[in-house]
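Chain and residue survey
If you want the building blocks of each chain, they are given just below.
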2 protein chains.
Amino acid sequence: MESRELAYFVAVAEELNFGRAAARLGIAQPPLSRAIQQLERRLGVTLLERTSRQVSLTTAGEVLLHEGRKALTTLESAERRAKRAGRVDPRLVLVMKPGGDAGLLEQVLDRYAEHPEAVEVEVMICGIGEQEGFLRDGTADLAMLRLPHDDPSGFATEELLTEREVVVLQRNHRLAGRKSVRMSDLAGEILPRWTDECPSSGPVVRDTGQVTQLIALGRTIAVLPQSVTLHLRRDLVAVPVIDGHLTTLLIAWSEESRSRPLAAFVRTAAEVAAAHTGVEAAG
Amino acid sequence: MESRELAYFVAVAEELNFGRAAARLGIAQPPLSRAIQQLERRLGVTLLERTSRQVSLTTAGEVLLHEGRKALTTLESAERRAKRAGRVDPRLVLVMKPGGDAGLLEQVLDRYAEHPEAVEVEVMICGIGEQEGFLRDGTADLAMLRLPHDDPSGFATEELLTEREVVVLQRNHRLAGRKSVRMSDLAGEILPRWTDECPSSGPVVRDTGQVTQLIALGRTIAVLPQSVTLHLRRDLVAVPVIDGHLTTLLIAWSEESRSRPLAAFVRTAAEVAAAHTGVEAAG
DNA sequence: CGGTTTTACGGAACACGTAACCATG
DNA sequence: CATGGTTACGTGTTCCGTAAAACCG
């Protein structure tokens, strides 16, 4: 199967309409129609049921859509990584969301820079939940992921640290003076809605900047990893949540990577995190 | 990047010789040479350093070789799975090595057959360490893997059970009467060399049949998971190894799979394993 | 009829093979 | 000088776009 054919099929399967798919691909409908027919002939399988008014996926089509998307991103990833590896200045690209390093990164970068095999590290800040995509498609070599929110499947990972959660509140909130709270104390509060989560009816937010702004305005409160307290606005307070989730910070990279600079970076990050945990436990 | 180009590159990168690579691909050298040039031009990266006597990989070439191999197998996997999904009789293919189910599979199959959404399950017996390949390339939907020997990275997995190891001996071996042994007791013994392991100087073996035969002949002894005792030849004995590794049996499947019959099978396997563990713990 | 997919046809691009060429050990 | 990669050139396939036809609500 040629990757071009597969990309064509994925476009049609996503649009469920040959015309729109062709427009998206920048070609005319007829070649697209023929390409799909040829693909079906070669596979010996019907992928799409079409009437002249409706296109739908067969079971085989659904399978090829899911698995094919993965195959295409893997292919693009290979291409991007090879391109990057060919650049004259070797470098690592690390992607994280704002605050997604639990305050570890600065120290990791400093320490890594002292390493004999160190290369330049480009830190790329992305939106929430975008890390995986950049790592999968080869734009980045390393990503900071947060369990259980992010999905590390398909990557090699190393656990850096595990944190309790805190609830972030306006200074004059009824719970602001508490030493700690339980989740049950938060019943009835308005919690923000992160873009992908359906439940709860609070305001829709996309990043922590928006959340903190809304908290400061008294429109919501949020349960976040403890490390947010490192850079919290002065007008907000954080109270530990006794029975909150444990969130784990991971550093993730492509399983295929055999790069020595990358391995060194991961090792450094793990060492710094281990030291950090020791300090926290002691303090 | 077209998958054909990538396959050409991988062939050259593996052979480090355009002529042999062309022969392997079933084409003439010149088109291959041009295809590689075109790929390099399109990526804007030099992948191979060639003199007329020697071909070697650049850094970018190494990256593309590793990542590209993965991309190609993912592509083939998508193709195989789509083909299989298009067949009239839906079925699951489970791959394992002989004895690789720790005696669980029969019960799992029986119980799964009673499930309302059950489909036919084809059990495929492969050589040692071949499971991953068949799962990766889409030939199988499910595999039984054994930690730490097999590598489950890139798959979704569910732990079934964890076993101690036993040492398998000829009946009149000096240790055969022991209730248990330690690894240090085995110092000086000749251990078999599994195909991929370099150390140890014992006989090279490929499957448990060969191993048991050699043990019966007094040529070697072997440390294996406890479950081998379920089907051990009468002329051999097994002695628990106190400080042996713990080996974990996993059931693994493609992360992309969204198939309900597959999910049901995994659930059934986990349930049966849990019950089994309960029995063992009690007994 | 209206919107959508498929068939028909002509042209351009691409990939292949043979043969000649060139470079290095 | 021989082994092995590259360039040159002619041929066949494939892929595309336009135009016309078939299909279904």
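Residues numbered from 1 in each chain as written. Chains lettered and ligands numbered in written order. Predicted model: local features only at pLDDT ≥ 70, side-chain atom pairs only at ≥ 80, totals over all residues. Heavy atoms only, no water.

**Looking at helix α3 (residues 29-43) of chain B**
Counted at 1.5 Å a residue, the expected span for α3(B) with its 15 residues is 21 Å, and the 21 Å between its end C-alpha atoms agrees. Every buried residue of α3(B) is listed here: Leu32(B), Ala35(B), Ile36(B), Leu39(B), Glu40(B) and Leu43(B). The buried side chains of α3(B) occupy one side of the element, clustering within an arc of 135° when seen end-on. Along α3(B), the residues that are exposed and aim more than 90 degrees away from the buried face are Arg34(B) and Arg41(B). Buried positions along α3(B) lie against α4 (59-86) of chain A together with α1 (3-15), α2 (18-25), β1 (48-50) and α4 (59-86) of chain B. (Helix = DSSP H or I, 4+ residues; strand = E, 2+ residues; numbered from the N terminus. Expected span 1.5 Å × (residues − 1). Buried < 20%, exposed > 50% of the residue type's maximum accessible area, 1.4 Å probe, protein only. Arc of directions from axis to C-beta. Contact = heavy atoms within 4.5 Å.)

**Some remarks on the relation of the copies chain B and chain A**
There are two copies of the chain, and a rotation about an axis plus a shift along that axis relates them. The two copies are related by a screw operation: chain B maps onto chain A through 180° of rotation and 0.0 Å of translation along the axis, at an RMSD of 0.2 Å. One copy is carried onto the other by what is essentially a two-fold rotation axis. For chain B, the smallest separation between a C-alpha atom and the rotation axis is recorded for Gly154(B), amounting to 2.2 Å. Interface overlap between copies is the fraction of interface residues in one copy that are interface residues in the other; for chain B against chain A it reaches 100%, indicating a shared surface. (Least-squares fit on C-alpha atoms with pLDDT ≥ 70 in both.)

**Description of the protein's contact with DNA strand D**
Neighbouring DNA strand D are 22 residues, the closest being Tyr8(A), Ser52(A), Ser33(B), Arg50(B) and Arg53(B). Take the atoms of DNA strand D that sit within 4 Å of the protein: sugar and phosphate atoms are 62% of them. Within the backbone of Phe18(B), a nitrogen or oxygen atom sits 2.9 Å from a phosphate oxygen of DNA strand D. In this structure, a base oxygen belonging to DNA strand D sits 2.8 Å away from a side-chain N or O atom of Arg53(B). Counting residues per element, the ones that place at least two in the surface near DNA strand D are α1 (3-15) and α3 (29-43) of chain A together with α2 and α3 of chain B. Residues of the surface near DNA strand D, tallied by class, amount to eight nonpolar, eight polar and six charged. (Near = heavy atom within 4 Å. Polar contact = N/O pair within 3.5 Å; in protein donor to acceptor, adjacent residues only side chain to side chain. Nonpolar A, V, L, I, M, F, W, Y, C, P; charged D, E, K, R; others polar.)

**Observations concerning the sheet that holds strand β11 (residues 236-240) of chain B**
Residues and elements named next belong to chain B. The strand order across the open sheet built from three strands is β10-β7-β11, with neighbouring strands paired in antiparallel fashion. Sheet topology places β10 (222-225) and β11 at the edges, where each strand pairs with a single neighbour. When the angles between neighbouring strand axes are averaged without regard to direction, this sheet yields 40°. Bridge analysis of strand β7 (residues 165-170) against β11 gives five bridges, and the strand direction is antiparallel. Across the sheet, Leu169 pairs through a bridge with Val237, a residue of β11. (Pairing = 2+ DSSP bridges. Axes fitted to C-alpha atoms, helices over the stretch in contact; angles between N-to-C directions.)

**Description of the packing of α1(B) against α3(B)**
All names here are of chain B. Running from N to C, α1 and α3 point in directions that differ by 110°, and their axes come no closer than 10 Å. One finds that α1 runs roughly perpendicular with respect to α3. Seen along the crossing, α1 lies across α3 with a hand that is left-handed. On α3, the residues that touch Glu5, Tyr8, Phe9 and Val12 of α1 are Leu32, Ala35, Ile36, Gln38, Leu39 and Arg42. Looking at the contact of α1 with α3 residue by residue, the classes come out as seven nonpolar, one polar and two charged. (Parallel < 35°, antiparallel > 145°, perpendicular 65-115°, else oblique. Left-handed = near helix turned anticlockwise from the far one by under 90°.)

**A look at the packing of α1(B) against α2(B)**
All names here are of chain B. Viewed as axis vectors pointing N to C, α1 and α2 meet at an angle of 130°, and their least axial separation amounts to 8 Å. Relative to α2, α1 is oriented oblique. As for how α1 packs across α2, the hand of that crossing is right-handed. Side by side, α1 and α2 meet where Ala7, Tyr8, Ala11, Val12, Glu14 and Glu15 of the first sit next to Phe18, Arg20, Ala21, Arg24 and Leu25 of the second. Split by residue class, the contact of α1 with α2 holds seven nonpolar, no polar and four charged.

**Remarks on the interface of chain B and chain A**
Every contact between the two is made by 34 residues of chain B and, on the other side, 34 residues of chain A. With both chains or domains summed, chain B and chain A bury close to 3100 Å², and 64% of this area falls on carbon and sulfur atoms. For chain B, the biggest contributors to the area lost against chain A are Met1(B), Glu67(B) and Glu256(B); these three give 18% of the whole. Our enumeration of links across chain B and chain A arrives at two salt bridges. The residue Glu67(B) makes a salt bridge to Arg81(A) at a minimum N-O spacing of 3.5 Å. Our count for the contact surface shared by chain B and chain A stands at nine residue pairs in polar contact (both at pLDDT 80 or more). Ranked by residues supplied to the side of chain B that touches chain A, first place goes to α4(B) with 19 residues. Looking at the side of chain B that touches chain A residue by residue, the class counts come to 12 nonpolar, 11 polar and 11 charged. (Buried area = accessible area lost by both parts, 1.4 Å probe. Salt bridge = Lys/Arg side-chain N within 4 Å of Asp/Glu carboxyl O.)

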